[in-house]
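Breakdown of the fold
Residue-level listing of the chains:
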Amino acid sequence: MSRHPRPEARLATLAPRALRQSFVKLDPRSLSRNPVIFTTAVVAALTTVLALPALATDPSRGLTALHVSAWLWIAVLFANFAEALAEGRGRARADSLRASRSETPVKLLASAEAAPASATLVPSAGLRKGQILLVEAGDLIPADAEVIRGVASVDESAITGESAPVIRESGGDRSSVTGGTRIVSDSLVLRVTAEPGRSFLDRMIALVEGAERKKTPNEIALNILLAGLTLIFLIVVVTLEPFARFSGATIPVVFLAALFVTLIPTTIGGLLSAIGIAGMDRLVKANVIAKSGRAVEAAGDVDTLLLDKTGTITFGNRMADRFVPAEGVSLRELADRAMLASLADETPEGKSIVELARAQGATAVPEGLAVAFSAQTRLSGVDLGDVALRKGAVDAVLRHTGRVPDARVAAEVEAIARSGGTPLLVAEGSRILGAVHLKDVVKPGVRARFADLRRMGIRTVMITGDNPLTAAAIAAEAGVDDFLAEATPEMKLDYIRREQAQGRMVAMCGDGSNDAPALAQADVGVAMNSGTPAAKEAANLIDLDSDPTKLIEVVMVGKELLISRGALTTFSVANDVAKYFAILPAMFVAAYPGLQALNVTRLASPESAILSAVIFNALVIVALIPLALRGVGYAPASAAALLRRNLTIYGLGGLVVPFVGIKIIDMGLVALGLA
Amino acid sequence: MSEIWGLLLFLAALAGGGWLLGSGMARLYAGDGLPAGRRLLGRSARPQGWAAYAMAVLAFNAAGFLALYALLRLQGLLPLNPDGVAGMAPDLAFNTALSFVTNTNWQAYSGEAQLSYLAQMLGLTVQNFVSAGTGMAVGVAVIRGFTGPAGESLGNFWTDLSRSVLWVLLPLSVALALILILQGVPQTLLGAVRATTLEGAEQIIARGPAASQIAIKQLGTNGGGFFGVNSAHPFENPTILSDLVQCYAILVIPVAFCFLFGRMAGDGRQGRAIFAAMSVLFLAGLALILWQESAGNPLMALSGGNMEGKEMRFGPILSGLWAAATTAASNGSVNAMHDSFLPLSGLVMLVNMQVGEVIFGGVGSGLYGMLLYVVLAVFLAGLMVGRTPEYLGRRIEAREVVLAVLAFLSMPVGILAGGALSASIPAMAASVQEAGPHGLSEILYAYSSATGNNGSAFAGWNAATPWQTTALGLLMLFGRFAMIVPMLAIAGSLVRKTPAPATAGTFPTHGPLFVTLLVLTVAVFGALTFFPVLALGPLAEQAALAAGQSF
């Protein structure tokens, strides 16, 4: 199995288009969606209009004003650029997806029972939900559909990047196929499940292009706060003029405009939508489709994760864990014989016995006549001349040999069964050589992963169909916080409701139709793409790789999204302190020379101070674009540790960085003779 | 040095007393341990949602305003008027009635000259109790919204009001009044004394039922003095002991509210964190004032600190403590002329008020004001831990943020818009006595005091013009209810949410990190909003002072 990740669009190649887009986005209709940047643009227009006549009357002042307004425009363009860049990266991904959505003729059937020969060819664009199609080897599957007849292997690499074909068949939990994938063997009869333009592929494209991006709840709340701050600073700046007049100071309007724009949270305002789009993009890169941004954000809030044991916590197949030799048999001999008896066994259990034996130094080579596993005998092995070497279930081997194992093996067999494992016996002729302990093997690293989650405050709950005894043993080994044994769909639903009633947010993943109610009830429901249409409909996220551990990635993406917003907002607000200390003395020093004391970084002149603050304000947006697109790094840790870290970096950093930045720009301006 | 130890002892006693009182209040508002009074007004009435609670608050205060306005206009015709004081002018009565109903106690009048005993006792003293009771009731209701079980109810306003007045304010006032009487504060219904001085001139010495009114004016963070010069008057505040006891009385209920919050949240650490944040802000301001005032005016080079406008019996330390305590705690009383403090001391007093009276603040109102900052701090920083921000398990979402922004806007709108008008309209600007930055400070002080419902005045500024009485009256109204209504709405919205149990992923809202965060939020959001205009006022004055110029 190999992965072919889609090539990542390089930022450098996207930049020219994004640059063009930043100008297109100056359209007031587009700007008005972002109150902070819209306000900045209005102020920039105002100062430009005011600067032009001043240029005629007082050229030096007019030039400063023009300079300031130019940088206000640049700040707006930078904000547009950030958004365009994020969208561009999504679009590049969408284009590669779109390539798989080519127009093809499809074979339409009148009914599910109609003969293949009766198919009529129609263009794929006209497909409607509920229509029946025939697809044969080599055909592109034209739309999201459910398999109603047949079994076939399907190449889903266009969607998932996974090159090994997967089996799709009618009935059961592997009955859904995705538009844009290709059938590589046999044929299928499908019922279309999505209207044109509403397929998963379409959703994915819309999502990464940001076209259907609705603001998430936290984004709305943050936008309100930013608009509120803008309003407060508007009051501050507008009322400053009469106060200054009362104090006998005259302040040029351009200076007031500069103060206003630098105080309002332009940094986060300019980067907010880029952060959101980039978050979606990260999710798509992980091959997860979100039906709404809300679900991604909710993933960051999850308190309880419901994880299926099989495939997530354990490998899903029982594997040989240890050999138990009988009296008078060496471990090496048992391993050797068990290996020989399993060499022809292609089942995962058989392979795992060979692997374990090899790990213990066994070196058997195939010999004799292989006897394949049969459901009747429940044995497999090899005939060496007239000696039959067999391994199989305990009762089958007992029947085959007609003997009872010695006391030691008997006791071990019982212990293995009690611990939730499966004992096998190995016999040579009628002599029982010993037992093999098969068990659910917990995936490596899972325990550490759950410990990480626990540190983040997330409880993990294992869902399994096993009996409570087996479940408890695996739960203890994997380090989950709780488990639900012999789980039925109703039990899952009840568990979720109970957690929710205590104010917890629950995430789960599932694939079968019977998971649908629980997926719908959970705050975050991730359906496997291989799952049934019902499950996919009920979930709010769909994992194209059908990998249950993906749930954890989704949680991380959700958290990263929120952290990025919070960190940049804190940074933006903290920046105001330095900007005050740059601009206020510049404004008032003519009226009260003593206020020069507030000019703590000793900026050269009032003009250079104001210009430096405005330039810093614009440049910081562009400097933070990579951070907005990448997201603020998130390592699992407790909230207290995260807060301390992020508050130090973005809070304290936000206080200090602009003092330094504005001073450097001021020195640069002086050196260039610009102010 | 002994003064520092004295101050520390005072603060320790304050924390201890506040803790005790907070515990008692927690039982009181839960309805436990009400003895005989159970049958008398103290019984629980039907629970109210936030809207019903807010309507009850508004209706009760509207009725209180109308009654007080009528009483002030008609006092000349009513009994208990031994000095024959006439009815108050309409604009002054409007201002005074609003001032007392909103717990501001801004005094555009002089008590001994313009009020009858009846107006003092039945009008002002009653409002001193019930406006404080209103603040406490709203404070308790808001706490219930943050901490109570999921549902609709914030409690019942009438129950909370009567419990606050009958079981907290009244008993404490009686005790305090007795102490004050022992210290020599008059309590009599007889009219002014006429005395003949040594030169043979006749002097009228005003007196009256002062002790009872002073007790509640301090406990209820009201501040409206019985006499015009307020607590600088020797009959209001005769001794150092009376001064310290009154200072304690001003702060003790606001401090108790912090601990009450912790009790009601079922987690004392939450209350202690808020208390710690308030204390840090208070001590920072106090330290600056004490440093400035004891060092004295650099232009005068006198020993013994800056004594201009201060009473000899209090000196710079007790005057400074009083100034810090009253401006922080929304208490309008003064024991020295704030106008005469040094510019940086004036800056502290202005900031104390401009952040919205949340540094201990008014009774009840200080806590709900600080909870507004908590909402903002939690929302901003909460995102940084990667979860939807939550406080005490309840999510802070768009609705809460809208309401918090609305509530927060009341301070800049009131102070900056009001102040800017006052600086631009000639008829209003005429109230300013001094030129330059000090004049601007006077305007700012008046408008900060009115919007923050503090009530203290900078002196040297004419508040008694119809323009100012009207504008300031309206701002007191705005400052009070533009905060109360959104905060009750936030509480009403939060109480509907099921609190999520705390996990390792929960944003910790106790401990030094959160205290730092809260202090910074108050500083950045509250104080920075006013930084530009403060630069033109006290900071410019300080800069000029350093250069040898005074105003």
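Residues numbered from 1 in each chain as written. Chains lettered and ligands numbered in written order. Predicted model: local features only at pLDDT ≥ 70, side-chain atom pairs only at ≥ 80, totals over all residues. Heavy atoms only, no water.

Identification of chain B as Potassium-transporting ATPase potassium-binding subunit from Cereibacter johrii is taken from an unreviewed UniProt entry. Per UniProt, chain B carries the Sequence similarities (unreviewed entry) text "Belongs to the KdpA family." A UniProt comment under Function (unreviewed entry) is attached to chain B, and it reads "Part of the high-affinity ATP-driven potassium transport (or Kdp) system, which catalyzes the hydrolysis of ATP coupled with the electrogenic transport of potassium into the cytoplasm. This subunit binds the extracellular potassium ions and delivers the ions to the membrane domain of KdpB through an intramembrane tunnel." (UniProt positions renumbered as here; feature names shortened; annotations may be inferred.)

Going by an unreviewed UniProt entry, chain A carries the name Potassium-transporting ATPase ATP-binding subunit and comes from Cereibacter johrii. Its UniProt record, at the heading Sequence similarities (unreviewed entry), says of chain A: "Belongs to the cation transport ATPase (P-type) (TC 3.A.3) family. Type IA subfamily." The annotation that UniProt attaches to chain A under Subunit (unreviewed entry) is "The system is composed of three essential subunits: KdpA, KdpB and KdpC."

Observations concerning the overall build of chain A
Broken down by element type, chain A carries 23 helices and 22 strands. The globule rule puts the C-alpha radius of gyration for 675 residues at 26 Å, and the 33 Å found for chain A is more than 25% above it. Each principal axis of the C-alpha distribution contributes one length, and for chain A these read about 115 × 65 × 45 Å. Counting the 675 residues in chain A, one finds 55% classified as buried. Pairs at least 24 residues apart make up 70% of the contacts formed inside chain A by residues separated by at least 6 positions. When the accessible surface of chain A is totalled, it reaches about 26400 Å², and 60% of it is carbon and sulfur. Here chain A contributes 68 positive and 67 negative side-chain charges, whose respective centroids are spaced 6 Å apart. (Helix = DSSP H or I, 4+ residues; strand = E, 2+ residues; numbered from the N terminus. Rg over C-alpha atoms; globule rule 2.2 N^0.38 Å. Buried < 20%, exposed > 50% of the residue type's maximum accessible area, 1.4 Å probe, protein only. Contact = heavy atoms within 4.5 Å. Areas by Shrake-Rupley, 256 points an atom, 1.4 Å probe, with all protein chains shown as cover. Lys, Arg positive; Asp, Glu negative; His and termini not counted. Charge placed at Lys NZ, Arg CZ, Asp CG, Glu CD.)

Notes on the sheet that holds strand β6 (residues 166–169) of chain A
Residue and element names in this part refer to chain A. Spatial ordering of the open sheet is given by β6-β5-β8, a layout of 3 strands whose pairing is antiparallel. Strand pairing shows two members of the sheet lacking a second neighbour, β6 and β8 (182–183), which therefore form its edges. Pairing analysis gives 2 bridges linking strand β5 (residues 151–155) to β8, with the strands arranged antiparallel. Across the sheet, residue Val 154 finds its bridge partner in β8, namely Ile 183. (Pairing = 2+ DSSP bridges.)

Concerning the UniProt feature "transmembrane region" (unreviewed entry) in chain B
Residue and element names in this part refer to chain B. The residues that UniProt annotates with the feature "transmembrane region" (unreviewed entry) are residues 50–72, 165–185, 240–261, 273–292, 366–386, 398–421, 471–492 and 513–535. Taken end to end, residues 273–292 is 100% helix and 0% strand, and its first and last C-alpha atoms sit 29 Å apart. Span residues 398–421 is 100% helix and 0% strand, its end C-alpha atoms 33 Å apart.

As for the pairing of strand β16 (residues 422–428) of chain A
Residue and element names in this part refer to chain A. Judged by how many residues are buried, β16 sits mostly within the fold: 6 of 7 residues are covered. The pairing of strand β15 (residues 387–393) with β16 spans 5 bridges and is classified as antiparallel. When the bridges of β16 are listed, Leu 389 appears paired with Glu 428. Judged from the 7 bridges that link them, β16 and strand β17 (residues 431–442) form a sheet pairing that is antiparallel. Within the sheet, the bridge partner assigned to Glu 428 lies in β17 and is Arg 431.

What to know about the pairing of strand β20 (residues 506–510) of chain A
Residues and elements named next belong to chain A. Counting buried residues in β20 gives 5 out of 5 residues, a clear majority hidden from the surface. Going residue by residue along β20, you find Val 506, Met 508 and Gly 510 tucked away on one face and Ala 507 and Cys 509 tucked away on the opposite face as well. With 3 bridges connecting them, strand β11 (residues 304–308) and β20 associate as parallel partners. Its bridge partner being in β20, Leu 305 is matched across the sheet by Ala 507.

Here we look at helix α1 (residues 2–30) of chain B
Here α1(B) is 29 residues long and its end C-alpha atoms lie 42 Å apart, about the 42 Å a rise of 1.5 Å per residue gives. Once α1(B) finishes, Gly31(B) follows within two positions and takes phi at roughly 90°, a positive value. (Expected span 1.5 Å × (residues − 1).)

Thoughts on the layout of surface pockets
The calculated volume of the second largest pocket comes to roughly 520 Å³. Lining the second largest pocket are 20 residues; nearest its centre among them are Leu347(B), Val351(B), Ala523(B), Ala527(B) and Leu534(B). Secondary-structure elements contributing two or more residues to the lining of the second largest pocket are α21 (550–588) of chain A together with α9 (268–295), α11 (343–354), α17 (511–527) and α18 (531–546) of chain B. Per-class residue counts for the lining of the second largest pocket are 18 nonpolar, 2 polar and no charged. (1 Å grid on protein atoms, 1.4 Å probe; cavity = no way out; pocket = protein on both sides within 12 Å on 5 of 7 lines; lining within 4 Å. Points joined across faces, edges and corners; volume = space filled by probe spheres on them. Nonpolar A, V, L, I, M, F, W, Y, C, P; charged D, E, K, R; others polar.)

Description of the pattern of salt bridges
Going through the model one piece at a time under the given rule, you end up with 35 salt bridges over all chains. The salt bridge partner of Arg565(A) is Glu219(A), with a shortest N-O separation of 3.7 Å. Taken together, the positions of Arg565(A) in helix α21 and Glu219(A) in helix α7 (residues 217–246) put the pair 346 residues apart, joining distant regions of the chain. For the pair shown, Arg565(A) and Glu219(A) are each scored as buried. With a shortest N-O distance of 3.0 Å, Arg269(B) and Asp267(B) are connected by a salt bridge. Assessed through its relative accessible area of 40%, Arg269(B) is described here as partly exposed. Classification of Asp267(B) as buried rests on a relative accessible area of 17%. Linked by salt bridges that have partners in common, Arg459(A), Asp482(A), Glu499(A) and Arg504(A) make up one network. (Salt bridge = Lys/Arg side-chain N within 4 Å of Asp/Glu carboxyl O.)

Notes on the sheet that holds strand β3 (residues 132–136) of chain A
All names here are of chain A. One open sheet accounts for 6 strands, arranged β2-β1-β3-β9-β4-β7; its pairing is antiparallel. The open sheet is flanked by β2 (120–123) and β7 (176–177), the only strands paired with a single partner. In the sheet, β3 pairs with strand β9 (residues 187–192) via 5 bridges, with the strands oriented antiparallel. Residue pairing in the sheet places Glu 136 in a bridge with Ser 187 of β9.

Overview of empty space enclosed by the protein
All names here are of chain B. As enumerated under the stated definition, the model contains 9 cavities of 30 Å³ or more in all. In this structure, the largest cavity occupies an estimated 130 Å³ of space. Lining of the largest cavity is provided by 13 residues; of these, Gly 356, Ser 365, Gly 452, Asn 453 and Gly 479 occupy positions nearest its centre. Of all the elements, helix α16 (residues 466–495) adds the most residues to the lining of the largest cavity, at 3 residues. A breakdown of the residues in the lining of the largest cavity according to their chemical character gives 3 nonpolar, 8 polar and 2 charged. Around the second largest cavity sit 13 residues that line it, and Asp 83, Glu 112, Leu 115, Tyr 117 and Arg 207 are the ones nearest its centre.

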